[in-house]
Amino acid sequence: MARTEAAGADGEGIDGALGAEATGPVPPWGWTETALALMVFVWGVNFAVVKRALEAFDPLAFNALRYPIASAFVFVVLRAQGPLALPERRDWPRILVLGVLGNVVYQMAFILGLDRTMAGHASLILALTPVFTAFLSAVTGHERPGPRTWLGAALAAGGVALVTGSALTFGAGSKRALAGDLILLGACFAWALYTVGARPVVQKYGSVRTTAWTLWVGTLGLVLLGTPGLVAQDGGAVGPGAWGGLWFSAIMSIGLAYLIWYRGVEKIGNTRTSIFSNLTPLLALAFGGLWLGEGPGPLALLRVV
């Protein structure tokens, strides 16, 4: 699904960001929040776009194709900012781990989970990401979520339990769909680890560089894992719509959205940035219904409400 810059979760400089109160006074709406709203729209559309593209693409082949495109896009953005630079040698292990976690592990879980369940279900489950992010931010001392945050976390967790429990009886209708839901829960945790773990790197190097380095690491892993799928892929089965979905997902949902995400982490903190993703299911359910004919079950609707 870019990180940080000059301000922490409480609007202070980065030296005062760690340990910030995640539920402190809400800063006024600005460019960061506007960009995050755009990201929410892109991700909401992306569930249906990818689900439709996977009707023609092998899931691993799909990732192996879209990630090099996204990496090239981020490279252009980074190069436009000036000369290319590498992180300090002591930071390489952390960046390698983040690249594998946030791109290989997360994207493998996302694409395999989405392939098995409904687009609407997938978006609802991934809305649990802010819960994991808030918990990890509190454990690491990055932020101190307050009672309202934990109340929201409890409601979100209960809602996801309703959605995954309904997979066998409403809409999705199979154990395969339930397996997809559980895989997506793993994706939530992987993305939360990636978000919280990347914050020190973002504060040190900036959001664009952090996004680029971790994306390039992940691209290498996903291309290696997807090579068998690429070899077996029937190119004749891929129509213009599927190719369009691949390019949309690569440029918008990965390249641009990742840059926006880490920019948000840099400016307003882990928890507040991740909360924006809770708005994604509304759009994902709408586009899933319009493009895929998915009808959300009663419990899924309850989760959104």
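On a predicted model such as this, the values are computed, not experimentally measured, just so you know. (Residues numbered from 1 in each chain as written. Predicted model: local features only at pLDDT ≥ 70, side-chain atom pairs only at ≥ 80, totals over all residues. Heavy atoms only, no water.)

Is there a simple way to think about the overall build of the chain in this case?
Of regular secondary structure, the chain possesses 12 helices and 0 strands. For the chain, the sequential pattern of α-helices and β-strands runs α-α-α-α-α-α-α-α-α-α-α-α. Counting only residues that meet the buried cut, the chain has 55% of its 305 residues in that class. Carbon and sulfur atoms make up 71% of the accessible area of the chain, which amounts to about 12600 Å² in all. (Helix = DSSP H or I, 4+ residues; strand = E, 2+ residues; numbered from the N terminus. Buried < 20%, exposed > 50% of the residue type's maximum accessible area, 1.4 Å probe, protein only. Areas by Shrake-Rupley, 256 points an atom, 1.4 Å probe, with all protein chains shown as cover.)

Hey, could you run me through the pattern of salt bridges in this one?
Pairing is possible between side chains of opposite charge, provided their charged atoms come close. Evaluation of the coordinates by the stated rule reveals 5 salt bridges. The shortest N-O distance in the salt bridge between R90 and E88 comes to 2.9 Å. Residue class for R90 comes out exposed when judged on its relative accessible area of 64%. Ionic pairing is found between R176 and D115, a salt bridge with its closest N-O pair at 3.4 Å. In this pair, R176 is assigned in helix α7 (residues 175–205) and D115 in helix α3 (residues 92–116), connecting sequence segments 61 residues apart. Taking the relative accessible area as the measure of exposure, R176 reaches 43% and is therefore partly exposed. Each of E88, R90, D91 and K204 takes part in salt bridges that share partners, so that together they form one network. (Salt bridge = Lys/Arg side-chain N within 4 Å of Asp/Glu carboxyl O.)

Would you take a moment to explain a nonpolar patch on the surface for this structure?
A contiguous nonpolar patch, built from F75, V76 and L84 and spanning about 260 Å² of accessible area, is present on the exposed surface. As for its position among the elements, F75 is in helix α2 (residues 59–80). (Patch = residues over 30% accessible without salt bridge, like charges linked within 9 Å, V, L, I, M, F, W, Y side chains within 5 Å.)

Got a minute to help me understand the packing of helix α1 (residues 31–53) against helix α4 (residues 119–126) in this structure?
A pair of packed helices is characterised by two quantities: the angle between their axes and the separation of those axes. In contact at an axis separation of 9 Å, α1 and α4 are set at 135 degrees when each is read in the N-to-C sense. Here α1 is positioned oblique relative to α4, judged by the angle of their axes. The interaxial crossing formed by α1 with α4 has right-handed handedness. Residues F47, A48 and K51 of α1 form the contact with α4, whose participating residues are A119, A122, S123 and L126. Taken together, the residues of the contact of α1 with α4 break down into 5 nonpolar, 1 polar and 1 charged. (Axes fitted to C-alpha atoms, helices over the stretch in contact; angles between N-to-C directions. Parallel < 35°, antiparallel > 145°, perpendicular 65-115°, else oblique. Left-handed = near helix turned anticlockwise from the far one by under 90°. Contact = heavy atoms within 4.5 Å. Nonpolar A, V, L, I, M, F, W, Y, C, P; charged D, E, K, R; others polar.)

Looking at this structure, how should I read the environment of V265?
Tracing the chain through its elements places V265 in helix α9 (residues 240–268). On the accessibility criterion, V265 (1% relative accessible area) is buried. Measuring from C-alpha to C-alpha, the distance between V265 and T195 comes to 7.7 Å, with 70 residues separating the pair along the chain.

I'm lost on the side chain of N46 in this one. Help?
Examined against the element boundaries, N46 turns out to sit in helix α1. Every residue in contact with N46, bar those within four places of it in the chain, is listed here: F110, F248, S249 and S253.

Can you help me understand α9 in this one?
Helical geometry note: an α-helix holds 3.6 residues per turn, so side chains three or four residues apart project in the same direction. Spanning 29 residues, α9 covers 39 Å between terminal C-alpha atoms, matching the ideal 42 Å at 1.5 Å per step. The principal kink in α9, of about 35 degrees, is found at A257. Positive backbone phi, approximately 95 degrees, marks G269, located one or two places after α9. (Expected span 1.5 Å × (residues − 1). Bend = angle between axes of the 7 residues up to and from the residue.)

Can you walk me through the packing of helix α5 (residues 129–140) against α7 in this structure?
Taken N-terminus to C-terminus, the directions of α5 and α7 make an angle of 40 degrees; their axes are 8 Å apart at the nearest point. Judged on the interaxial angle alone, α7 and α5 are oblique. Read as a crossing pair, α5 and α7 show a hand that is right-handed. In this structure, α5 uses T129, F132, T133, L136, S137 and T140 to contact α7, whose residues at the interface are L185, C188, F189, W191, A192, L193, T195 and V196. Tallied by class, residues from the contact of α5 with α7 come to 9 nonpolar, 5 polar and no charged.

Mind showing me how you'd approach the side chain of Q233 here?
With respect to the helices, strands and loops of the structure, Q233 is situated in the loop between α8 (207–232) and α9. Only 2.8 Å separates the side chain of Q233 from the backbone nitrogen of D58, close enough to count as a polar contact. Those residues in contact with Q233 that lie beyond four places of it in its chain are A56, F57, D58, A61 and V238. (Polar contact = N/O pair within 3.5 Å; in protein donor to acceptor, adjacent residues only side chain to side chain.)

Just to check I follow, could you spell out the confidence of the model for the chain for this structure?
Atom-level detail of predicted coordinates should not be read off regions where pLDDT is low. Counting all residues, the mean pLDDT for the chain is 79, and 76% of those residues have values of 70 or more. Within the model, the stretch residues 163–172 combines pLDDT values under 50 with 32 contacts to residues more than four positions away or in other chains. Throughout residues 297–305 the model reports pLDDT below 50, and contacts reaching past four residues in sequence, or to other chains, amount to 21 contacts. (pLDDT = per-residue confidence, 0-100.)

I would appreciate a short explanation of the packing of aromatic side chains in the present structure.
By convention here, two paired aromatic rings are described through the distance between centres and the angle between planes. The tally for this structure, following the rule as stated, stands at 16 aromatic pairs. For the pair F41 and F287, a centre-to-centre distance of 6.1 Å together with 80 degrees between the ring planes defines the contact as edge-to-face. Residue F41 is located in helix α1, and its partner F287 is located in helix α11 (residues 280–292); the two are separated by 246 residues in the primary sequence. Residue classification places F41 among the partly exposed positions, given a relative accessible area of 42%. Both rings, one in Y205 and one in W213, keep their centres 5.0 Å apart while their planes meet at 80 degrees; by these two values the pair is edge-to-face. (Phe/Tyr/Trp six-rings, centres within 6.5 Å; stacked < 30°, edge-to-face > 60°.)

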